[in-house]
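# Fold and contact review
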Amino acid sequence: MAFRTARNLAYFSNYIRNYSTNGPLVNVTVNEKSGFATATLQRPSVNSLNLELLTEISHTLQQLEKNKCRGLILTSASNKVFSAGLDLFELHKPNADKIKQMWSTLQEVWIKLYGSSYPTVAVVNGHAPAGGCMLALSCEYRVMLNNFIIGLNEAQIGFSAPMWLIDGMRNTIGSRQAEFALTAGTLFKTEEALKIGLVDEVAQSKEEAIEKAEKFLNKFAKIPPHARSMTKAALRGANIQALVRNKDEEVRSYVDFVTDSQFQDSLGEFIELNLKQKLSK
Ligand SMILES: CCCCC/C=C\C/C=C\CCC/C=C/C(=O)SCCNC(=O)CCNC(=O)[C@H](O)C(C)(C)COP(=O)(O)OP(=O)(O)OC[C@H]1O[C@@H](n2cnc3c(N)ncnc32)[C@H](O)[C@@H]1OP(=O)(O)O
């Protein structure tokens, strides 16, 4: 049964309504004509990825897969920030159990989005550092608005991106550019990102970006979906399998790393220097 049927649409809307306790952090709409879903991240003010938002993204992706979605556009309700990456306030002086769940859910999001059977586009309508870039990279195509930044700046914050994310970057921009970008933790302006292939197209407005995204998704209208998804799985499968094999071990190292006092001190300094909101708030 295709996701675009009215029955499935109603089921999906009910699911989203029932799932969220404080109103959805991800708003999903489906274009009944095309069958394309648009998932809009709407956690104020910068879509920073805390456990609740990550969990909702993960459940949304699961429902889209189950309902044989024909294509996904991932975007932001903010007109300034696509996603600011992991919620740094939640990582500061953390509850170890919660960050364990947070990292495990982040891995799930990558597995479900990077490995989705349906085609995916990120409409990057705002800044996309670190985890924001990760979400965009897990899609197949990226359309970005002008005057924003995107990149994996983990090295600047004092750590390395995990292997699966490095691989995703390498698959997108090639080994040499990935090495330059990751070792320096570079955040690219839109036009620079276009030049190195980190984004595929630039748009002047969100409407234009959505049109470009739909044009990309429509390219697959005449390709048998199973052939398309088998080919995608062949291309992306090794990345996903390596992460699945290493999932628990990576969660353990991540929790050790984040709870270490040295890391906590440097995260505190990073927050003080870079974020307007102060720790005392
Ligand atoms: C960091 C620990 C990880 C340890 C990992 C170890 C191993 C694992 C390896 C890899 C992990 C890969 C996955 C991803 C990692 C990450 O995502 S780390 C997060 C990195 N994020 C950033 O560096 C972004 C920081 N923010 C900014 O640069 C800017 O805020 C902006 C997004 C460019 C937007 O700028 P602007 O429009 O000027 O807005 P403000 O700076 O004024 O911010 C508005 C409010 O939002 C709050 N905020 C911003 N970013 C975050 C964030 N990441 N988490 C929580 N909150 C954030 C900011 O404090 C402002 O709040 P108030 O309005 O002042 O209340």
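Residues numbered from 1 in each chain as written. Predicted model: local features only at pLDDT ≥ 70, side-chain atom pairs only at ≥ 80, totals over all residues. Heavy atoms only, no water.

The subject of this paragraph is the packing of aromatic side chains. Under the counting rule described, the total for this entry stands at nine aromatic pairs. An angle of 5° between the planes, with centres 4.2 Å apart, marks the rings of Y141 and F216 as stacked. Placement of Y141 in strand β6 (residues 141–145) and of F216 in helix α10 (residues 206–218) is noted, with a sequence separation of 75 residues between them. Judged by its relative accessible area of 14%, Y141 falls in the buried class. Judged by its relative accessible area of 10%, F216 falls in the buried class. With a centroid separation of 4.9 Å and 45° between ring planes, the pair formed by F257 and F263 is classed as tilted. Cluster of aromatic residues (ring-pair linked, three or more members): W103, W110, Y114, W164 and Y254. (Phe/Tyr/Trp six-rings, centres within 6.5 Å; stacked < 30°, edge-to-face > 60°. Helix = DSSP H or I, 4+ residues; strand = E, 2+ residues; numbered from the N terminus. Buried < 20%, exposed > 50% of the residue type's maximum accessible area, 1.4 Å probe, protein only.)

On to the environment of T183, then. You can see T183 is positioned in helix α8 (residues 175–184). Expressed as a C-alpha distance, the spacing of T183 and Q156, which sit 27 residues apart in the sequence, is 8.7 Å. Within the local environment of T183, its side chain forms a polar contact with the backbone oxygen of E179, the two atoms lying 2.6 Å apart. Within polar-contact distance, the side chain of T183 engages the backbone oxygen of F180 at 3.5 Å. (Polar contact = N/O pair within 3.5 Å; in protein donor to acceptor, adjacent residues only side chain to side chain.)

Where burial is concerned, most of strand β3 (residues 72–76) is hidden: five out of the five residues are buried. Burial along β3 is two-sided: L72, L74 and S76 and I73 and T75, pointing in opposite directions, are all buried. Pairing of strand β2 (residues 37–41) with β3 involves five bridges; the strand directions are parallel. Bridging from a neighbouring strand, A39 pairs with L74 of β3. For the crossover from β2 across helix α2 (residues 51–66) to β3, the handedness is right-handed. Direction of pairing for β3 relative to strand β4 (residues 120–124): parallel, over a ladder of three bridges. Along β4, the bridge assignment pairs I73 with V121. (Pairing = 2+ DSSP bridges. Right-handed = clockwise from strand over helix to strand, strands pointing away.)

Moving on: unusual backbone geometry. Geometrically, the link from P44 to S45 is a cis peptide bond, its omega value of -10° lying close to zero. Mapped onto the elements of the fold, S45 is located in the loop between β2 and α2. One non-glycine residue, A130, lies in the positive phi region at around 45°. The residue A130 is located in the loop between β5 (128–129) and α5 (131–138) in this model. Its identity is not glycine, yet N147 carries a phi of approximately 70°, on the positive side.

Our focus in this paragraph is the sheet that holds β2. Each strand in a sheet pairs with another by means of backbone hydrogen bonds, the pair being arranged parallel or else antiparallel. Read from one edge of the open sheet, six strands run β1-β2-β3-β4-β6-β9, paired in mixed fashion. Since the sheet does not close on itself, it has two edges, and those belong to β1 (26–30) and β9 (201–203), each with one partner. Within this sheet the neighbouring strands show an average axis-to-axis angle of 20°, counted without direction. Contacting β1, β2 and β3, α2 runs over the sheet at an angle of about 20° to β1. (Axes fitted to C-alpha atoms, helices over the stretch in contact; angles between N-to-C directions. Contact = heavy atoms within 4.5 Å.)

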